[in-house]
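# Descriptive structure summary
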Amino acid sequence: MVYMAVEAGDAATWASTLVAVLVAVTAWLQSRKTRGEQEEQARIQREATELAHRQTEAAERRAFAVEQMLEQLIATHELEPGSPPRPSPSSIQWTLERRGKHLYLLRNVGSDTATGVRVDPSNMPSIASNLPEDAVVRPGESVEFLMAASLATPLPGEIWVSWSLGGAPVAVSVPN
């Protein structure tokens with residue numbers, strides 16, 4: 001029968017091997033945590049950039065709306081030849097384009113700028129966000145919003161759009 005003696009050096013070797021494995025696992029977990037934090041910071045930075053871009057666009061639209069309202073005030077009080085004409089409701093027309101699964105673009109295909117653009121939320125499904133509210137939409141430009149059907153509410157066949165000087169809201173067909 002063979003007996004093996006346990007020597008003091010064997011225990012130290014096993015202990016140091018165990019410590020080395022624990023250090024390696026800890027380092028690997030730290031690197032994963034750091035990588036996750038870096039990805040989260042990058043995502044937050046992208047969102048902040050997008051928000052800043054949207055805020056800049058909103059400020060530009062507000063400034064343009066103020067300019068338009070001033071022109072309209074001048075046109076109503078000064079009926080001189082050469083004063084800017086007021087846009088007629090028929091010079092502003094709308095189309096709705098589907099971009100992706102739930103993203104929609106409300107586009108002004110008319111020849112004048114629409115101010116105070118609003119999509120009526122009353123016939124929208126329960127999942128709708130970023131609906132235009134007091135937006136400024138120049139000819140050829142669009143505003144985007146999200147709209148998704150739910151189990152309780154399907155997508156509507158049309159949305160109702162209103163704008164300053166536009167009179168009654170108009171129906172715009174929702175594409176399939």
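What you are looking at is a predicted structure, and each value in this text was computed from that prediction instead of being measured.

Scoring rules and cut-offs
Residues numbered from 1 in each chain as written. Predicted model: local features only at pLDDT ≥ 70, side-chain atom pairs only at ≥ 80, totals over all residues. Heavy atoms only, no water. Helix = DSSP H or I, 4+ residues; strand = E, 2+ residues; numbered from the N terminus. Buried < 20%, exposed > 50% of the residue type's maximum accessible area, 1.4 Å probe, protein only. Contact = heavy atoms within 4.5 Å. Pairing = 2+ DSSP bridges. Axes fitted to C-alpha atoms, helices over the stretch in contact; angles between N-to-C directions. Patch = residues over 30% accessible without salt bridge, like charges linked within 9 Å, V, L, I, M, F, W, Y side chains within 5 Å. Areas by Shrake-Rupley, 256 points an atom, 1.4 Å probe, with all protein chains shown as cover. Salt bridge = Lys/Arg side-chain N within 4 Å of Asp/Glu carboxyl O. Phe/Tyr/Trp six-rings, centres within 6.5 Å; stacked < 30°, edge-to-face > 60°. Lys NZ or Arg CZ within 6 Å of the ring centre and 35° of its normal.

Right, let's talk about the overall build of the protein for a bit. Helices and strands together make up the secondary structure of the protein, namely one helix and eight strands. Secondary structure of the protein in N-to-C order comes out as α-β-β-β-β-β-β-β-β. Within the protein, buried positions represent 23% of all 176 residues. Residue pairs at least 24 apart in sequence account for 50% of intrachain contacts in the protein once pairs closer than 6 positions are excluded.

Spatially, the four strands line up as an open sheet ordered S1-S2-S6-S4, and their pairing is antiparallel. Only two strands of the sheet have a single neighbouring strand rather than two, namely strand S1 (94-99) and strand S4 (127-129). Between one strand and the next, the sheet's axes are offset by a mean angle of 25°, whatever the strand orientation.

As a further point, take the side chain of Ser162. Position of Ser162 relative to the elements: it lies in strand S7 (residues 158-162). If we skip the residues at most four places from it in the chain, Ser162 touches Gly116, Val117, Arg118 and Pro169.

Right, let's talk about a nonpolar patch on the surface for a bit. On the surface, Val21, Val25, Trp28 and Leu29 cluster together into a nonpolar patch covering about 390 Å² of accessible area. If you trace the backbone, Val21 turns up in helix H1 (residues 8-77).

Bringing the pairing of S7 into the picture now. Sheet analysis places strand S3 (residues 114-119) next to S7, joined by two bridges and oriented antiparallel. When the bridges of S7 are listed, Val119 appears paired with Val161. Bridging between S7 and strand S8 (residues 170-173) involves four bridges; their strand directions are antiparallel. When the sheet's bridge partners are listed, Ile159 is paired in S8 with Val172.

For the coordinates displayed, the defined rule picks out two aromatic pairs. Relative to Trp163, the ring of Trp94 has its centre 5.6 Å away and its plane inclined at 65°; by these criteria the two rings are edge-to-face. With Trp94 in strand S1 and Trp163 in the loop between S7 and S8, this pair connects stretches of sequence that are 69 residues apart. In this structure, Trp94 and Trp163 share a single accessibility class: buried. A cation over a ring is seen here: Arg138 above Phe64, with NZ or CZ 4.3 Å from the ring centre.

The phi angle at Asn130 is positive, at roughly 60°, despite the residue not being glycine. For Asn130, the location among the structural elements is in the loop between S4 and strand S5 (133-137). The class for Asn130 is partly exposed, based on a relative accessible area of 47%. Within the chain, Asp134 stands out as a residue other than glycine whose phi angle is a positive 65°. Assignment of secondary structure puts Asp134 in strand S5.

Next up on the list: the pattern of salt bridges. Opposite charge on two side chains lets them pair, provided their charged atoms get close. One pass over the full model with this rule turns up nine salt bridges. Taking the shortest distance from any N to any O, the salt bridge between Arg107 and Glu97 comes out at 2.7 Å. Placement of Arg107 in strand S2 (residues 103-108) and of Glu97 in strand S1 is noted, with a sequence separation of ten residues between them. What makes Arg107 buried here is its relative accessible area of 19%. Each of Glu40, Arg43 and Glu47 takes part in one network of salt bridges that share partners.

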